[in-house]
Amino acid sequence: SRRERTCLALLQQRNTRASLLQIHAFMLRSALETNLNLLTRFITACASIAVAVSDPLAGIHHARRLFDRCPRRSDTFLCNTMLKAHVDSRQFKECVYLYQLLRRDADFVPDNYTFSSLAKACGLSLGYWEGQEIHNHVLKTGFSSNLFASTSLVDMYAKFGLMSCARKLFDEMTERSQVSWTVLVDGYARNGDVDHARKFFDQSPEKDSASYNVMIDAYVKLGDMGSAQSLFDEMPLRNAVSWTTMIDGYCNKGDVDSARLLFDIMPEKN
RNA sequence: UGUAAGCAACCG
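Residues numbered from 1 in each chain as written. Chains lettered and ligands numbered in written order. Predicted model: local features only at pLDDT ≥ 70, side-chain atom pairs only at ≥ 80, totals over all residues. Heavy atoms only, no water.

A.B. asks: Looking at this structure, how should I read the protein's contact with RNA strand B?
C.D. replies: Lining the immediate environment of RNA strand B, one finds 40 residues, of which Thr-40, Phe-77, Ser-116, Arg-190 and Asn-213 sit closest. When the atoms of RNA strand B within 4 Å of the protein are sorted by group, sugar and phosphate make up 46%. In the environment of RNA strand B, a phosphate oxygen lies 3.2 Å from a nitrogen or oxygen atom belonging to the side chain of Lys-120. Between RNA strand B and Asn-213 there is a distance of 2.6 Å, counted from a base oxygen to a side-chain nitrogen or oxygen. Secondary structure elements with two or more residues in the surface near RNA strand B: α3 (36-48), α5 (76-88), α7 (112-125), α9 (147-160), α11 (178-190), α13 (209-222) and α15 (240-252). (Near = heavy atom within 4 Å. Polar contact = N/O pair within 3.5 Å; in protein donor to acceptor, adjacent residues only side chain to side chain. Helix = DSSP H or I, 4+ residues; strand = E, 2+ residues; numbered from the N terminus.)

A.B. asks: Can you help me understand the packing of aromatic side chains in this one?
C.D. replies: For any pair of aromatic rings, the description rests on two quantities: the centre-to-centre distance and the angle between the ring planes. Going through the model one piece at a time under the given rule, you end up with 11 aromatic pairs. Where Tyr-128 meets Trp-129, the ring centres are 4.9 Å apart and the plane angle is 80 degrees; that geometry is what we call edge-to-face. On the basis of relative accessible area, Tyr-128 is assigned to the partly exposed category, the value being 31%. Both rings, one in Tyr-157 and one in Phe-160, keep their centres 6.0 Å apart while their planes meet at 90 degrees; by these two values the pair is edge-to-face. Taken together, the positions of Tyr-157 and Phe-160, both in helix α9 and 3 residues apart, correspond to about one turn of that helix. (Phe/Tyr/Trp six-rings, centres within 6.5 Å; stacked < 30°, edge-to-face > 60°. Buried < 20%, exposed > 50% of the residue type's maximum accessible area, 1.4 Å probe, protein only.)

A.B. asks: I tried to follow the confidence of the model for chain A on my own but got confused; where do I start?
C.D. replies: Any residue range with low pLDDT should be treated as having predicted coordinates unsuitable for detailed reading. Confidence in the prediction for chain A averages 96 pLDDT; 100% of positions are at 70 or higher. Under the prediction, the complex receives an ipTM of 0.94, its pTM being 0.95. (pLDDT = per-residue confidence, 0-100.)

A.B. asks: Can you walk me through the layout of surface pockets in this structure?
C.D. replies: To locate leftover empty space, one rolls a probe as large as a water molecule over the atoms. Roughly 890 Å³ of internal volume is contained in the largest pocket. Residue lining of the largest pocket: 34 residues in total, with Lys-84, Ser-116, Lys-120, Phe-148 and Ser-152 positioned closest to the centre. Contributing elements (two or more residues each) for the lining of the largest pocket: α3, α5, α7, α9, α11, α13 and α15. With 7 residues, the top contributor of residues to the lining of the largest pocket is α5. Of the residues belonging to the lining of the largest pocket, the class tally is 11 nonpolar, 14 polar and 9 charged. (1 Å grid on protein atoms, 1.4 Å probe; cavity = no way out; pocket = protein on both sides within 12 Å on 5 of 7 lines; lining within 4 Å. Points joined across faces, edges and corners; volume = space filled by probe spheres on them. Nonpolar A, V, L, I, M, F, W, Y, C, P; charged D, E, K, R; others polar.)

A.B. asks: Quick question: what am I supposed to make of the packing of α13 against α15 here?
C.D. replies: The description of two packed helices rests on the angle between their axes and on the distance between the axes. Running from N to C, α13 and α15 point in directions that differ by 5 degrees, and their axes come no closer than 10 Å. Viewed along their axes, α13 and α15 adopt a mutual orientation that is roughly parallel. On α15, the residues that touch Asn-213, Ile-216, Asp-217 and Val-220 of α13 are Val-241, Ser-242, Thr-245, Met-246 and Gly-249. (Axes fitted to C-alpha atoms, helices over the stretch in contact; angles between N-to-C directions. Parallel < 35°, antiparallel > 145°, perpendicular 65-115°, else oblique. Contact = heavy atoms within 4.5 Å.)

So, in structure tokens, the structure goes:
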């Protein structure tokens, strides 16, 4: 409908808490509050607004109220959106708890999207037991061969510091992306094993800036600016993270001149 | 084209 298209256009914009309240009012007036297309986008918008100091959770609370009120709230896309909204708002426990509620709902069917957000929530909150449960559900539901589901499980175990579990899953993957390799490299680096980090970095079939940034940061954290600089020089495309990682490394070594030189010549500053 | 996984510092 025309009003639906208007809402879609409004939700594409960068919104504020105030503009979202207006859009919500417009949706109510137009009887569009249970339109699944609009509702998923609305919830995503709620989770991505700038947080206000007075009420940082206003957006996510608004999103969850709408979700709970929706008659078709067992819709898989809608549920996945709500789970991710909790993760984006750093409400990891709420994410896992919502999943546990949804499992009691016979109409809810989780998919590979569901499990990647859940694994992320467990990884970021170091929720080991919840993570085990999610891993079991991935196995039971047959999504362990999915690229996103398995990569997020590798990342989850890496964040737990369980590199042998991460590595086992990585080895069992039938398909790997740049993200899968980077997650493993970063895991080894953060757990103090630069040698394995470098080994898998070198074996990565393709490397993007995140692959390099992770390996550079591993050297930076060790104070090995020589190795960091070599990789920085050889990488084809440097982004703001690459430059900031190097600058931070030189600053921590007390080499402010090198840091300042990089700062001055970096093409885009954030 | 209604939904998903990786990297720095800053700020809290």
